[in-house]
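Take a look at the letters that make up each chain.
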Amino acid sequence: MPDAQPHRYGPSLRQTLSDPLSSLRLLGRRALLALLGIAAGCAAVVALLNIGHNAAHEAIRTFKGLGSEVMVGSFTATPGTVTRPAPATLDTQHVKQAVPGLREIAPAILYSATVRAAGQAYPLSVIGTSHELEGVLGLRLRHGRFLSPYDQQSTYAVLGAQAARALNVGSVSNQGPVAIEGYLFEIIGILADHGHNPLIPIPVDEAILLPIEGMRRITPTPEITSIIARGRQSERLAEDAETLRDYLAPKAPGHTVQVQIPQQLLDGLERQARTFSYLLLGLASISLLVGGVGIMNVMVMNVSERRQEIGIRMAIGARPRDIASLFLLEAMALAVVGALAGALLGVAAAWMFVRLSGWSFSLSMTSLPLGIASSLLSTLFFGLHPARSAANLQPVTALRDD
Amino acid sequence: MELAVPNTGNNHTTALPGDNLLQLEGISHTYPTTVGSRSTLHNVSLSVMRGQSCAIVGASGSGKSTLLNIIGLLDQPTSGRLLLDGQDMTRATAHIRAQTRNQRIGFVFQSFNLLPRLSALENVALPLLYRGYGHTEAQRLALQEVTRVGLVNRAHHRPAELSGGQRQRIAIARALVGHPDLILADEPTGNLDSNTAGEVLALLQALNREQGVTLVIVTHDESLAQTLQRCLLVKDGHLLERYPNPVHA
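Everything quoted here is computed from the prediction, not taken from an experiment.

Q: Kindly report on the sheet that holds strand 10 (residues 238–244) of chain B, identifying the contributing residues and their values.
A: All names here are of chain B. The strand order across the open sheet formed by 6 strands is 6-7-8-3-9-10, and the pairing between neighbours is mixed. In this open sheet, the two strands that pair with only one neighbour each are strand 6 (105–108) and strand 10. Each neighbouring strand pair of the sheet contributes to a mean axis angle of 20°, computed without reference to strand direction. Pairing geometry for strand 6 and strand 7 (residues 182–186), over 4 bridges, is parallel. When the bridges of strand 7 are listed, F107 appears paired with L184. Sheet strands in contact with helix 1 (residues 64–71) are strand 3 (53–57), strand 6, strand 7, strand 8 (214–218), strand 9 (230–235) and strand 10, and its direction is about 155° off that of strand 7.

Q: How would you explain the domain arrangement of chain A if you had to name every residue and give the values?
A: Reports often express the size of an interface as the amount of accessible area lost when the parts come together. Split by domain assignment, chain A resolves into domain 1 (13–62 + 268–400) and domain 2 (85–252). The C-alpha-based centres of domain 1 of chain A and domain 2 of chain A are spaced at 56 Å.

Q: An account of the interface of chain A and chain B is requested, with residue identities and associated values reported.
A: Taken together, the 36 residues of chain A in the interface contact 36 residues of chain B. The junction of chain A with chain B conceals about 3,100 Å² of combined surface from both sides, 57% of it contributed by carbon and sulfur atoms. When the shortest N-O distance is used, the salt bridge between R117(B) and E309(A) registers 3.3 Å. Taken together, chain A and chain B are joined by 8 residue pairs in polar contact (both at pLDDT 80 or more).

Q: Any details on the pattern of salt bridges? Residues and values, ideally.
A: All names here are of chain B. For the coordinates displayed, the defined rule picks out 23 salt bridges over all chains. A salt bridge links D19 to R50, with the nearest nitrogen and oxygen atoms 2.8 Å apart. In this pair, D19 is assigned in the segment before strand 1 (20–33) and R50 in the loop between strand 2 (36–49) and strand 3, connecting sequence segments 31 residues apart. Both residues of the pair, D19 and R50, count as buried.

Q: Kindly report on the UniProt feature "transmembrane region" (unreviewed entry) in chain A, identifying the contributing residues and their values.
A: Residues and elements named next belong to chain A. When the UniProt feature table is mapped onto this chain numbering, "transmembrane region" (unreviewed entry) sits at residues 31–51, 278–303, 324–353 and 359–384. Annotated as 100% helix and 0% strand, the span residues 278–303 places its first and last C-alpha atoms 36 Å apart. Along residues 359–384, the helical share is 69% and the strand share 0%, with 42 Å between the first and last C-alpha atoms.

Q: Which residues make up the nonpolar core, and what are the values?
A: In this structure, F327(A), L24(B) and L67(B) are the most contacted members of the largest nonpolar core, which totals 109 residues. It is helix 3 (residues 120–131) of chain B that contributes the most residues to this core, 8 residues altogether. Every residue in contact with L24(B), bar those within four places of it in the chain, is listed here: V44(B), S45(B), L46(B), L67(B), I71(B), R81(B) and L82(B). Residues I105(A), I109(A), M215(A) and V259(A) belong to the second largest nonpolar core, which totals 43 residues.

Q: Can you break down the packing of helix 9 (residues 320–356) of chain A against helix 10 (residues 367–391) of chain A residue by residue, with the values?
A: Residues and elements named next belong to chain A. Running from amino to carboxyl end, helix 9 crosses helix 10 at an angle of 155°, the nearest separation of the two axes being 8 Å. By the angle between their axes, helix 9 is roughly antiparallel relative to helix 10. For helix 9 against helix 10, the interelement crossing comes out right-handed. Of the residues in the contact of helix 9 with helix 10, the class split is 21 nonpolar, 3 polar and no charged.

Q: Give me the lowdown on the packing of helix 7 (residues 262–305) of chain A against helix 10 of chain A, citing residues and values where you can.
A: Residue and element names in this part refer to chain A. Relative to each other, helix 7 and helix 10 sit at 30°, their axes nearing to 8 Å. Comparing their axes, helix 10 and helix 7 come out roughly parallel. By crossing handedness, the relation of helix 7 to helix 10 is classed as right-handed. On the side of helix 7, the interface is formed by L281, L288, L289, G292, V293, I295, M296, M299, V300 and V303, while helix 10 contributes L370, S374, S375, S378, T379, F382, G383, H385, P386, A387, S389 and A390. Split by residue class, the contact of helix 7 with helix 10 holds 14 nonpolar, 8 polar and no charged.

Q: Please provide a residue-by-residue account of the environment of S234(A), values included.
A: Residues and elements named next belong to chain A. Looking at where S234 falls in the secondary structure, it is placed in the loop between strand 9 (226–231) and helix 6 (237–248). According to the relative accessible area criterion, S234 is partly exposed, its value standing at 30%. Residues S234 and E69, spaced 165 residues apart in sequence, show a C-alpha to C-alpha distance of 4.9 Å.

Q: Quick rundown of empty space enclosed by the protein? Include the residues and the values.
A: Over the atoms a probe the size of a water molecule is rolled, and this reveals where empty space is left. With the rule as written, the count across this model stands at 4 cavities of 30 Å³ or more. Quantified by volume, the largest cavity comes out at close to 100 Å³. Taken together, 13 residues form the lining of the largest cavity, with I316(A), I105(B), G106(B), P127(B) and R174(B) sitting closest to its centre. Looking at the lining of the largest cavity element by element, the count peaks at 3 residues for strand 6 of chain B. Roughly 70 Å³ of internal volume is contained in the second largest cavity.

Q: So what about the sheet that holds strand 2 of chain B? Which residues, and what values?
A: All names here are of chain B. Pairing within the open sheet is antiparallel, and its 4 strands lie in the order 2-1-4-5. The open sheet has two edge strands with one neighbour each: strand 2 and strand 5 (87–88). By the bridge criterion, 5 bridges tie strand 1 to strand 4 (residues 79–84) in an arrangement that is antiparallel. For E25, the partnering residue across the bridge sits in strand 4 and is R81.

Here is what the cut-offs are and how they apply
- Residues numbered from 1 in each chain as written.
- Chains lettered and ligands numbered in written order.
- Predicted model: local features only at pLDDT ≥ 70, side-chain atom pairs only at ≥ 80, totals over all residues.
- Heavy atoms only, no water.
- Pairing = 2+ DSSP bridges.
- Helix = DSSP H or I, 4+ residues; strand = E, 2+ residues; numbered from the N terminus.
- Axes fitted to C-alpha atoms, helices over the stretch in contact; angles between N-to-C directions.
- Contact = heavy atoms within 4.5 Å.
- Domains from an automatic or database assignment.
- Buried area = accessible area lost by both parts, 1.4 Å probe.
- Salt bridge = Lys/Arg side-chain N within 4 Å of Asp/Glu carboxyl O.
- Polar contact = N/O pair within 3.5 Å; in protein donor to acceptor, adjacent residues only side chain to side chain.
- Buried < 20%, exposed > 50% of the residue type's maximum accessible area, 1.4 Å probe, protein only.
- UniProt positions renumbered as here; feature names shortened; annotations may be inferred.
- Core = buried A, V, L, I, M, F, W, Y, C linked by side-chain atoms within 4.5 Å.
- Parallel < 35°, antiparallel > 145°, perpendicular 65-115°, else oblique.
- Left-handed = near helix turned anticlockwise from the far one by under 90°.
- Nonpolar A, V, L, I, M, F, W, Y, C, P; charged D, E, K, R; others polar.
- 1 Å grid on protein atoms, 1.4 Å probe; cavity = no way out; pocket = protein on both sides within 12 Å on 5 of 7 lines; lining within 4 Å.
- Points joined across faces, edges and corners; volume = space filled by probe spheres on them.

Next comes the structure, spelled out in C-alpha cells:
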C-alpha cells in the first residue's frame, strides 16, 4: 500500500475544482455558446432591473423637485349619490384662516377648448385659477404679468410657455386678443417654461390661464377639478392636509374630497415602479430560462460524448457523486463566467439606455447579486438532470461505448 | 521485460494456503433485450486464491467479459453471491463498489482506456486522487509506477503521443499505482503486435510472480493462457475448469 493513506475517501477540494476547469477546454466552441446563453440571461436581468430602478429614480427625482410642502386636493363624485356639481369658486382667504398651516392655496378648473388666434384654431387646455397659483407653483413670467386679485371680472389671460409657442405669440405688446368659445381674451402675460411635474394635475405649460370667476363664460357649469396648496411646514403637512380635507368636505356634498401630499404619491409611484420591476423580472426570467436550456443542451451532449470517460473514471474509483460534481461544476464554471460577463454587459446596456433617455444613471445595488445568483441557480437547476444521469450510469454500460 | 520491484511492504499479497481472495457462488446474469431477456451466465461458481494467475478463455459472446465485469464490480449479477476477501460485495452500494474498485482492483483494458487529455503521469495519478491523496503526493507515487514500467521519459506525454505498447504499460502502471490485490485484464494484448504483446504479458506475469498480485486475464490467445496457472473456459454461460496448468500446478 502507498505510505500515508489519506483519512477520507474522495478527491480533494482542489482536485474537485480543477478537474472541471480542465475538462471545459474540451468543450471549445460549444462552451462559448452555453456561456453566451447564460450571459444573455444575466445581462437581461441586470439591464432590466437597472432600467426599472433608474426610471423610478427619475420619476421620484422629478417629484421631489417640486418641494415637499405641496398638497393637491380633488373632488370625486361619490357613486350612488345624486350628482351635484363641485364648487365653482373657493374663498381662498377664508380657507387660509380656517387652515392656518397653509401658506398659499389656489383652485383650478381644467377645461379643454379651441382657442383662435390670428385666424387659426388650436385645441388648448384652459385653466381657470386665481392669482395665488403663481406663488403656489412658483411660476415665473417671460413677458407681462400674472393674473391679479383685481382681474376677477376681466377677460385677461396668461399663456403657458408651450401654448404661447403653439399660438405663435412672442410678446404681450402688439398682440391681438384670442377667442375662446366666442369670448375675446387679452393676453397679459406669458409664462416661462415650468416643466412637467406628475404631481400637479394641471398642465400649466400647455394651457391658457384665466381668472376662475370668468370660467362661466367658457362652460355653463364650472367645477373645481383640483386645489393646489402649499403648507408652511413640511413636517405638519399630513395634519394640514387632513384639516384642509375636513374644511373642503362640507363644501362639496356628494363628492369625496381627497387631499394628497407628495409622500403618498411617492409611495404610490414606488409601488408602481416595483410592479414595473416585477414585470421586467418576468421578462428576464424568460431569458434565463432560455440560457438554462442552452446549458442543459450542452451538458446532455457533453455527458453522452464522454460516456467512456465516465466509465473509466468509475472503474478507477470515482463514486456517482464524484461524477455528478464533475459535470455540475463544469456547468457552474461556465455559468460563473457567463454571469459575470452578462452582469457587465447588462450594466453597460442599462447605462446606455439611461443616458440616451437623458436621465442620470444610478446603479441598482440589488441588480448584480440578483442577476448573478439567478443565473447560477438557473444553471444549477438545468444542470442537475444531466449531471445525475451521468452519475447514475452503470460503469459497464458507460465503458461499453467505444 | 524484467521488473525492478521495490519492496513496498505490501502485506495483502502474501499468499496463504486456502486464502481465497475471490469467491463466486452460483452467479447468474441476464440482461434485458427488446424481445425479453438474454442470459449470459448460468450458475457460475469460482474460487481464486490470493496470488494465483488465471486465464478465462472462450468464444466471443460466451460471457467471459461479463464474468470479468462482475468480478471487477463493474456489473452486478442477477443472482448469486460474490465475495472479495471474504466480504460480500453482491449488493454493495455504488459508493462502496467504487471505493473497493479503487483500493483493491486494478483494471487493464484491451483499448487501454486512458483519458486522452491527461498526460501519462496524470492518468496514472488519477486513482490516487480519487482515493483522497493530495496532488503532489499522487504525482510522486505515480512517477514511481511510471518508472517501474520503464516509461519515465514519456511521463509527460499524452496517450496520443505514445505507441500502443507504451499506452498499455501506462494503463498497467495506473492499475498498479493503488497496490491492488487483484488485477483484471480484458484482452490486454488484443490491440498489440506480438512483440509488444510479449512485453506486456511479461510485465503482468512479473507482477504476479514477484509481488504476488492475483491476476485474472480474459484472452483469446491460447499461448497466453498456457503461461498462467489456471485456465477457465466459459462456454454458453457455463464455467468449466479447463486445467490447472501442468507447468504451474
